[in-house]
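Residue-level listing of the chains:
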Amino acid sequence: MISTAITFLSLSQTFATMKYFKTVEPFESISLDRLRKRKSEKWSTYSRGVLPAFVAEMDFDLALPIRAALVEAVELGDAGYSSSTEVPASFASSVRNRFDWSTDESAVFAVPDVMAGVAEAIQLLTPPGASIVINPPVYPPFFDVIAHEGRTVLEVPLQAHDRMWSVNLDTLEGAFADGARAYLLCNPHNPVGRVWSERELHDIVSLASRYGVPIISDEIYAPLTMPGLSFIPVCKITEDQPCIALWSASKAFNISGLKCAAMIASAQVREALRARLRARPDEIESRIGHLGVIATIAAFRNGAAWLDDLRVYLDGNRHLLADLLRDQIPAARYSLPEATYLAWIDCSELPLKGAPARQFLERGLVALEAGHKFGRLSSNWVRLNFGTSRVLLREIVQRMAAALA
Ligand SMILES: Cc1ncc(COP(=O)(O)O)c(C=O)c1O
């Protein structure tokens, strides 16, 4: 199946990958000793002997424009409250250049992080107790944020045909007809890695329009769409519909701990969102990280070249992972993701004595994300983070194989 997926790759993608297998700096030269000095969640959760490949943090050094901006801020002692007034313009120009998406700056609102933005969107667009559709397997906090905001999760599980994941439009329509009050879409999708096509998005948008269901679209992984593929921002194709998209430079540039994201609102809900954010007693602006704003603006304005090199490197990694699994764990099933640095791996046919992630951790000393967190039907799956060097990616798979021996 993996080789089938590779066969379908466009020629340009294949050439890009071949080319980049030769040009691997600066992503290849990361050192495990240096990584182990990091204090972030990825490098502090497990003991030294465990190789972490679970939480969505990358192992690469920061892009130089971000590093320079942060160093300058530290040297200036510039660590006060944030002022995010430049975020909308830098965001708008970045998405215009990269995705041909013309957003009105007045439609862009800075928030501390994507999930805070999702919570605001849920509060704005739905009444208490409303049902909100999500597509499991999906980023686990989607379940939590809906419950936390006092709404109900309505699951429309993704379907897989020939290892290609898609949204079942009949089930989606059923959920809308049953009274869903919003659709929390993940595009590109974590963990399955789909970038929803223009056709798929048009189908979704027209259903949502027919039933008057607002769309909340988490597009945090859009900048990590693989070379040769196109990402379409959903708000670009919704016309007279309420739609809120959530963006951040945090995944693509590995600055999640710095806290800055953006909400983009369609014309129908823009003023209501502005009023809501202004009226918040706990001033959402003051929770945005000042260094996050600085790093985000540097990423949006000056990060494009580094990001393009990164995407080519990750493209190589997703293929390398396919080769490594085929050679060392042939019963593992994995389809190439179209975006992200996350691999969603079916372990149902592996010789396991319990939950896959637990066995990999206990017997192989490699930490992967456990599938059950992403939905009820995913307990035989794991999510592997390949946002690391190829040396460490080989080590991850070797440890997985050792755990099965
Ligand atoms: C799909 C998705 N949305 C949101 C987030 C979290 O973003 P933030 O830290 O900005 O809330 C993640 C983190 O991995 C994610 O995968």
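Cut-offs and rules
Residues numbered from 1 in each chain as written. Predicted model: local features only at pLDDT ≥ 70, side-chain atom pairs only at ≥ 80, totals over all residues. Heavy atoms only, no water. Helix = DSSP H or I, 4+ residues; strand = E, 2+ residues; numbered from the N terminus. Rg over C-alpha atoms; globule rule 2.2 N^0.38 Å. Buried < 20%, exposed > 50% of the residue type's maximum accessible area, 1.4 Å probe, protein only. Contact = heavy atoms within 4.5 Å. Areas by Shrake-Rupley, 256 points an atom, 1.4 Å probe, with all protein chains shown as cover. Lys, Arg positive; Asp, Glu negative; His and termini not counted. Charge placed at Lys NZ, Arg CZ, Asp CG, Glu CD. Pairing = 2+ DSSP bridges. Right-handed = clockwise from strand over helix to strand, strands pointing away. Phe/Tyr/Trp six-rings, centres within 6.5 Å; stacked < 30°, edge-to-face > 60°.

Colleague: Before we go on, may I ask you to explain the overall build of the protein in this structure?
Modeller: A tally of helices and strands in the protein yields 16 helices and 15 strands. Here the C-alpha radius of gyration of the protein, 21 Å, is about what a compact globule of 405 residues would show, namely 22 Å. Dimensions along the principal axes, computed over C-alpha positions, put the protein at roughly 60 × 55 × 40 Å. Scored against the burial criterion, the 405 residues of the protein give a buried share of 57%. Taking as baseline every contact in the protein between residues at least 6 positions apart, the subset at least 24 positions apart corresponds to 74%. Looking at the protein as shown, the accessible area adds up to about 17100 Å², and 53% of this sits on carbon and sulfur atoms. Across the protein, the 41 positively charged side chains and the 45 negatively charged ones have centroids separated by 5 Å.

Colleague: Is there a simple way to explain the pairing of strand E7 (residues 182-186) in this structure?
Modeller: Counting buried residues in E7 gives 5 out of 5 residues, a clear majority hidden from the surface. Because side chains alternate across E7, one face comprises the buried residues Ala182, Leu184 and Cys186, and the other comprises Tyr183 and Leu185, equally buried. Sheet topology places strand E3 (residues 131-134) next to E7; 2 bridges connect them, and they run parallel. Considered in E7, the bridge of Ile132 is made with Ala182. Relative to strand E8 (residues 215-218), E7 is paired through 4 bridges, and the arrangement is parallel. Note on E8: the bridge partner recorded for Tyr183 is Ile215. At this point the chain moves from E7, through helix H10 (residues 198-211), to the parallel E8, and the crossover so formed is right-handed.

Colleague: What is the right way to read the environment of Ala339 from this model?
Modeller: Its location among the elements puts Ala339 in the loop between strand E11 (333-334) and strand E12 (342-346). Apart from the residues within four sequence positions on either side, Ala339 is in contact with Pro188, Gly193, Val195, Tyr221, Leu224, Thr225 and Met226.

Colleague: Would you take a moment to explain the packing of aromatic side chains for this structure?
Modeller: Within this structure, the stated rule accounts for 20 aromatic pairs. Measuring from centroid to centroid gives 5.9 Å for Phe231 and Trp247, while their planes differ by 80°, and the two rings are edge-to-face. Linking Phe231 in the loop between E8 and helix H11 (234-237) with Trp247 in strand E9 (residues 243-247), this pair joins segments that are 16 residues apart in sequence. Using a relative accessible area of 6% as the deciding quantity, one classes Phe231 as buried. With 5.3 Å between their ring centres and 15° between their planes, Trp344 and Trp381 make a pair best called stacked. Here Trp344 is found in strand E12, whereas its partner Trp381 is found in strand E15 (residues 381-385), with 37 residues between them in sequence. The pair Trp344 / Trp381 is uniform in exposure class, with both members buried.

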